[in-house]
Amino acid sequence: GGLVGREKAALDLTAEVKQQMYSEDLCINYCQWSTKEALKLLKAAEHQPWASQQVKDARRVELEELGRNLRMPGSSFVTVGDTGVGKSTLLNAILGEASVLPTNGMRACTACIIELVHNAEPTGPAYIGEVEFVTLEEWTAEMAILVDDLTQQDGRISLLEPDSKAPSFTSYVKLYSVYGTDFTRSTDKVFNAITGKDERRNMMADAVKRKLLMLKKTRVCGTFQSEASNEPKEFRRKLERYMDSTEQISDGQYWPLVKRVRMKGRKWKVLQSGATLIDAPGVRDDNTARDRIVKEYLKNADGIWIVANIKRAVNNKTAKDMLGESFRRQLLMDGQYGQLAFIATQSDVMLQSEVRKNLALPDSASLEDCGLARNRYTTERIQSDFFAGLEEMARAAGDEFDLEEAKGKYKLPVFCVSAQDYQKLTGILQTDGEPNAFSTCANTQVPALQHFVHATTLSRRYTNARAVTEALVQFLDNLNAYLDHEGDGGLSSLSAAKRVFDKVKATASSDLHAPMTRIVQLVKTNFAKQVLPKMLSGADAAGGDCVSLAQGWSAGTATRPKMHWGTYKATCRRHGVFRMDWNTEMAEPVFRAVSTEWERVFVSSLAKELAATRAEMLKILKTLHDKIATGLEQEAQIPKGRVRDIRAPQERSAVTKLEQMTGAAREIGQKQQRDISRLIVPAITARMVPGYDKGMHEMGTGSARRRVDIIEKHVDQQKGTMFKDAVEQVGGRIGALLDELSTVLHATSDQILKDMQVNYSVMWEAEAATPQAILARRAMATKLSTYTNQAKSAKHDLLKAHNDLPPPDPDDDDDIQEMKEGGSQEKEMDIVDLLDDDVDIAAIPKAAKPSWAVKKEKA
């Protein structure tokens, strides 16, 4: 059937989302216009006497920086899950598509990283794709491993197709997919002295590598390929050979060479607010370039979606188990545990009788009733397991666990989704019969997930729009206050004003730097007393466990079967990372011991201390301004109202600057500590590489046993120093983190003091007191008030659209206050009528104009 009623609406943006996006875009557009006009005003030749060159340069630089910040941030969501759980089907449904992403009910088929974004271009192809290939350097390294996997004892390549379960099968498939018979015909002519005849033999491995690198297919490395279409099926067909790993012996494919594919769709409303969805092939992908990018996406993601089949979520697998112990710890240390969401797929697939029995439902319960009941049970079970995982990590680290505190700190959104029922209900999918279980789109929970994407993205948009608009308004207020000063107190007043400021400035720098120094020292102390001892304890535990752990790689354990010799060799060839990650396993005791304390020091406590520092800074600034104001009024005889006019916008601006400082410092701390926490595994890997290489090169009869002996002996030799050295590397990098944190904090202190000097300088600079300067400022003030009022009205409408208006500000200009209270007679032109009377809409650049402004201009 076609799209009908409310089910059709599920594919559209809601009125609420549209209004929020509209208000934010409008605000940014008009602020960009105000910024551009104000910059032209500052640079205008006829106004140049208005201030000293130092003041003019400072104002221009700050305004240019504000202009660069007037943009909308996006958000990224990375899907994580085992192969075959239906991630691609899920994403198709969220996008409102039938199958723009490759799907297959029998196998996993996403072979590369896929970025999904909205196509904002109103004309041109509806669908645009950009394929990024791995670099030649990356493919050379990758291919060397693949060829080595297929190398025989005599050094020659094996060209026979391996068994599908063999470790070398994937390597064969990749090489054949790219090179086809050019690979399988890698033979050369060799004279046989015994028979006296020439015969064909498989080429030596190194010769095969050189040959393949010279082939035409390899030339795509390091390049980009674009595809476009107006039809989703054709678009998918064009991109399929880059994205779909058929896992079959098929040549003419590109997927092993592809790093990522960026896809844009005009009809993807769920992404219109600025979200990017990332469909990843999974961490520990055999392609090291892709694996590295996936890990980088995960480290920087705004949201991480754990996707699993609903049966696994409620039966043999739980939320904490599916995440994996090391992955959960890394998320906690990264400060990303609160960014998780869990998506249980295929919620329409169930045995009705089984669900009735397990959940004690009445015999009259319909299939849809059963599905909804199972969804509720699944949500509760997963959320319970989520907190159980947190408690498990805390107990393992020897820490106390407070469940109520954890519930207040973390939330885990859970969505039990039926992608196919949603596609059928909306008419997207018109095959495969009627919906299986659900009769409304809401019950499929796809609309709830779409709303979650918008809510997360729009929250970031609004926070950013408000912050950058507030910063611009405060800058313009400061500049207006400067321009309004007439400086008519005479030379004695100028000299007195300068003395007052210099006296306060003499101690201001140390006063402002003190809280910044304190917080840096506090983080340093917390690391030394709380984090480092835990890490060293974990290093001792790792040294005690690693030998038995290494023995289990070959011999197997109670929970893990014995490893095939070919897999063992392939793992050595890849320096410990193949189907398992030996290096991470050896590092686990370190992470187990430190994860909760690491999060506490570098995430939770840092955020609290930064907030406290901000409050302390505001108190110090108030004291400084009080001293300056008293001196200017008493010693320089400057009217109290004039001093207040210069002071008030500075204090508002300082609040914003300190908020920005808090955010920047927290971001630096987050980014740096995420990088630092990842030093441990590479440090262990580096110490293991000689052993891996030596083991890999073992050849001939008995080589498998000798290889195992080499690795186990190497682990035993390294256990005393390997883990402690890794911890020392972390300690060394903490110093760099503290240095960068200190730089940002102290730079904010210096900038605030510099701003104070610039803003108050109009009261003592002789250049600012000349008749020419005063006349120039008067001329500028008339125009600047227009731009300021425009930015203020844009800010007002942004806050009004979000029901976030503060109480009336008595310092607002009368015309702005009147606009806030009066509103517009014409609802559809509400924002236009908030413009100052002197503003000509036609003067606003078209690129910055919303559609309604263009319509009014034409009218």
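Our subject is the structure that appears above.
The rules behind each value
Residues numbered from 1 in each chain as written. Predicted model: local features only at pLDDT ≥ 70, side-chain atom pairs only at ≥ 80, totals over all residues. Heavy atoms only, no water. Helix = DSSP H or I, 4+ residues; strand = E, 2+ residues; numbered from the N terminus. Polar contact = N/O pair within 3.5 Å; in protein donor to acceptor, adjacent residues only side chain to side chain. Contact = heavy atoms within 4.5 Å. Core = buried A, V, L, I, M, F, W, Y, C linked by side-chain atoms within 4.5 Å. Buried < 20%, exposed > 50% of the residue type's maximum accessible area, 1.4 Å probe, protein only. Phe/Tyr/Trp six-rings, centres within 6.5 Å; stacked < 30°, edge-to-face > 60°. Axes fitted to C-alpha atoms, helices over the stretch in contact; angles between N-to-C directions. Parallel < 35°, antiparallel > 145°, perpendicular 65-115°, else oblique. Left-handed = near helix turned anticlockwise from the far one by under 90°. Nonpolar A, V, L, I, M, F, W, Y, C, P; charged D, E, K, R; others polar. Pairing = 2+ DSSP bridges. Expected span 1.5 Å × (residues − 1). Bend = angle between axes of the 7 residues up to and from the residue.

**Student:** Would you mind going over the side chain of E597 with me for this structure?
**Tutor:** Counting through the fold element by element, E597 comes out in helix α22 (residues 582-634). Looking at E597, its side chain comes within polar contact range of the side chain of R600, at 2.8 Å. The contact partners of E597, leaving out residues within four places of it in the chain, are D399, Q530, V531 and K534.

**Student:** Would you mind showing me how to read the nonpolar core here?
**Tutor:** For soluble globular proteins, the rule of thumb is that nonpolar side chains tend to be buried together. Of all hydrophobic cores here, the largest spans 120 residues; its most connected members are W50, M535, M586, W598 and L632. The element that contributes the greatest number of residues to this core is helix α20 (residues 490-555), accounting for 20 residues. Among residues more than four places away in sequence, those in contact with M586 are A542, C546, L549, W553, I684, M688, Y692, V715, M722 and F723. Counting 66 residues, the second largest nonpolar core, distinct from the first, contains V100, V131, L146 and V417.

**Student:** I'm lost on the packing of aromatic side chains in this one. Help?
**Tutor:** We describe a pair of aromatic rings using the distance from one ring centre to the other and the angle between the two ring planes. Tallying each qualifying case throughout the model produces 22 aromatic pairs. Geometrically, the ring pair formed by Y337 and Y410 is edge-to-face, given 5.6 Å between the ring centres and 75 degrees between the ring planes. With Y337 in the loop between α13 (325-334) and β10 (340-345) and Y410 in the loop between α16 (403-409) and β11 (414-416), the pair connects residues that are 73 residues apart, well separated along the chain. With a relative accessible area of 1%, Y337 lands in the buried category. A relative accessible area of 9% places Y410 in the buried class. Seen in terms of ring centroids, W553 and W582 are 4.3 Å apart; in terms of plane orientation they differ by 5 degrees. Their pairing is stacked. You can see W553 sitting in helix α20 and its partner W582 sitting in helix α22, a full 29 residues away along the chain. Members of the aromatic cluster, joined through ring pairs, are F77, W305, F415 and F452.

**Student:** Would you mind showing me how to read the packing of α13 against α22 here?
**Tutor:** Two packed helices can be described by the angle between their axes and the distance between those axes. Where α13 contacts α22, the axes come no closer than 8 Å and their chain directions differ by 25 degrees. Viewed along their axes, α13 and α22 adopt a mutual orientation that is roughly parallel. At the point where α13 passes α22, the crossing takes the left-handed sense. Only T584, E588, F591, R592, V594, S595, T596, W598, E599 and V603 of α22 make contact with α13, whose side of the interface consists of E325, S326, R329, L332 and M333. Taken together, the residues of the contact of α13 with α22 sort by class into six nonpolar, four polar and five charged.

**Student:** What should I look at first to understand the pairing of strand β8 (residues 275-279) in this one?
**Tutor:** Regular strands place their side chains on alternate faces of the sheet. Within β8, five of the five residues are buried, leaving the element largely enclosed by the surrounding structure. Where burial is concerned, the two faces of β8 agree: the one with A275, L277 and D279 and the one with T276 and I278 are both buried. The sheet contact formed by strand β1 (residues 75-80) and β8 spans five bridges and is parallel. Paired with T79 across the bridge in β8 is D279. As judged from the three bridges shared by strand β2 (residues 113-118) and β8, these two strands associate in the antiparallel manner. When the sheet's bridge partners are listed, I114 is paired in β8 with D279.

**Student:** Got a minute to help me understand α22 in this structure?
**Tutor:** Between the first and last C-alpha of α22 there are 73 Å, a value that for 53 residues agrees with the 78 Å anticipated at 1.5 Å per step. Largest kink in α22: about 50 degrees, centred on V594. The N-cap of α22, judged by a side-chain oxygen 3.2 Å from the amide nitrogen of N583 a few residues on, is D581.

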